[in-house]
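An overview of the molecular structure
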Amino acid sequence: QKEVEQNSGPLSVPEGAIASLNCTYSDRGSQSFFWYRQYSGKSPELIMFIYSNGDKEDGRFTAQLNKASQYVSLLIRDSQPSDSATYLCAVNEVRPGHTGFQKLVFGTGTRLLVSP
Amino acid sequence: DTEVTQTPKHLVMGMTNKKSLKCEQHMGHRAMYWYKQKAKKPPELMFVYSYEKLSINESVPSRFSPECPNSSLLNLHLHALQPEDSALYLCASSQDRGSGGTKERQFFGPGTRLTVL
């Protein structure tokens, strides 16, 4: 059973602080890692993806991947109240014959609360 | 352009009704997905179409019937649903990146909020 683990939170940070969201996964063969942001009652929005070990930065967001430790994280710098949402970590499930599409395994999400 | 559209936004139906959910994308994506999401849970994959062929059916009950009329459209036909089927139904699409299923990125539509009475 492929698993993706996240702390459900809530993770509370003050405005302007760095929010650190973490995710571990069980399938060593996984090759792509995604962070989705989901506001209450809305659909998931892809905000970051990472394929290689190391850091990937996009604006205030940094994704970090450590395949040896099977660990992926999302850092949000200068957190804003508008960042308050649930952040879903998703990892591709490796299956032979999956060409042209992929199956994602989602974590249960971490709820982030940014207070003014 | 990363837009996936879904209609209707909200749907209320009785257990004997037949209804359909629609999903459309014009990004040239060749994979389309149906997910079901209950409150405070992650999305749960139901079906995947790749190049208009059903590639994954996650043992979904037959009261849910998917259809992919062409590369831009995806339908989900609903019949004889149960109250526990009430959920947010999400459509997603992804482009074939030639990576053997490892680097596709899925983009979600806004979803259809379904209530079964």
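Residues numbered from 1 in each chain as written. Chains lettered and ligands numbered in written order. Predicted model: local features only at pLDDT ≥ 70, side-chain atom pairs only at ≥ 80, totals over all residues. Heavy atoms only, no water.

Remarks on the interface of chain A and chain B
- Listed per partner, the contact involves 25 residues of chain A and 29 residues of chain B.
- Between chain A and chain B, a total of about 2,100 Å² is buried, with carbon and sulfur atoms accounting for 58% of that surface.
- The tally of links between chain A and chain B comes to one salt bridge.
- Where K103(A) meets E58(B), a salt bridge forms, and the shortest distance between an N and an O atom there is 2.4 Å.
- Here chain A and chain B share nine residue pairs in polar contact (both at pLDDT 80 or more) between them.
- Mapped by element, the contributors of at least two residues to the side of chain A that touches chain B are β4 (33-38), β5 (45-50), β9 (85-93) and β10 (103-106) of chain A. (Contact = heavy atoms within 4.5 Å. Buried area = accessible area lost by both parts, 1.4 Å probe. Salt bridge = Lys/Arg side-chain N within 4 Å of Asp/Glu carboxyl O. Polar contact = N/O pair within 3.5 Å; in protein donor to acceptor, adjacent residues only side chain to side chain. Helix = DSSP H or I, 4+ residues; strand = E, 2+ residues; numbered from the N terminus.)

Here's the deal with the side chain of Q38(A)
- If you trace the backbone, Q38(A) turns up in strand β4.
- One polar contact links Q38(A) to Q37(B), side chain to side chain, over a distance of 2.7 Å.
- Residues in contact with Q38(A), not counting those within four places in the same chain, are S43(A), P44(A), A85(A), T86(A), L88(A), Q37(B) and L88(B).

Notes on the sheet that holds strand β7 (residues 61-66) of chain A
Residue and element names in this part refer to chain A.
- In spatial order, the strands read β1-β3-β8-β7-β6; together these five strands make up an open sheet with antiparallel pairing. Here the strands that pair on one side only, and so sit at the sheet edges, are β1 (4-5) and β6 (54-58).
- Taken together, the six bridges between β7 and strand β8 (residues 71-76) define a ladder with antiparallel strand orientation. Within β8, the position partnered with F61 by the bridge is I76. (Pairing = 2+ DSSP bridges.)

Some words on the sheet that holds strand β1 (residues 4-7) of chain B
Residue and element names in this part refer to chain B.
- With antiparallel pairing, four strands are arranged side by side in an open sheet as β1-β3-β8-β7. Both edges of this open sheet fall to β1 and β7 (64-70), since each of them pairs with a single strand only. This sheet shows a mean twist of 20 degrees between the axes of neighbouring strands, independent of strand direction.
- Where β1 and strand β3 (residues 18-25) come together, four bridges link them in antiparallel fashion. Within β3, the position partnered with T5 by the bridge is E24. (Axes fitted to C-alpha atoms, helices over the stretch in contact; angles between N-to-C directions.)

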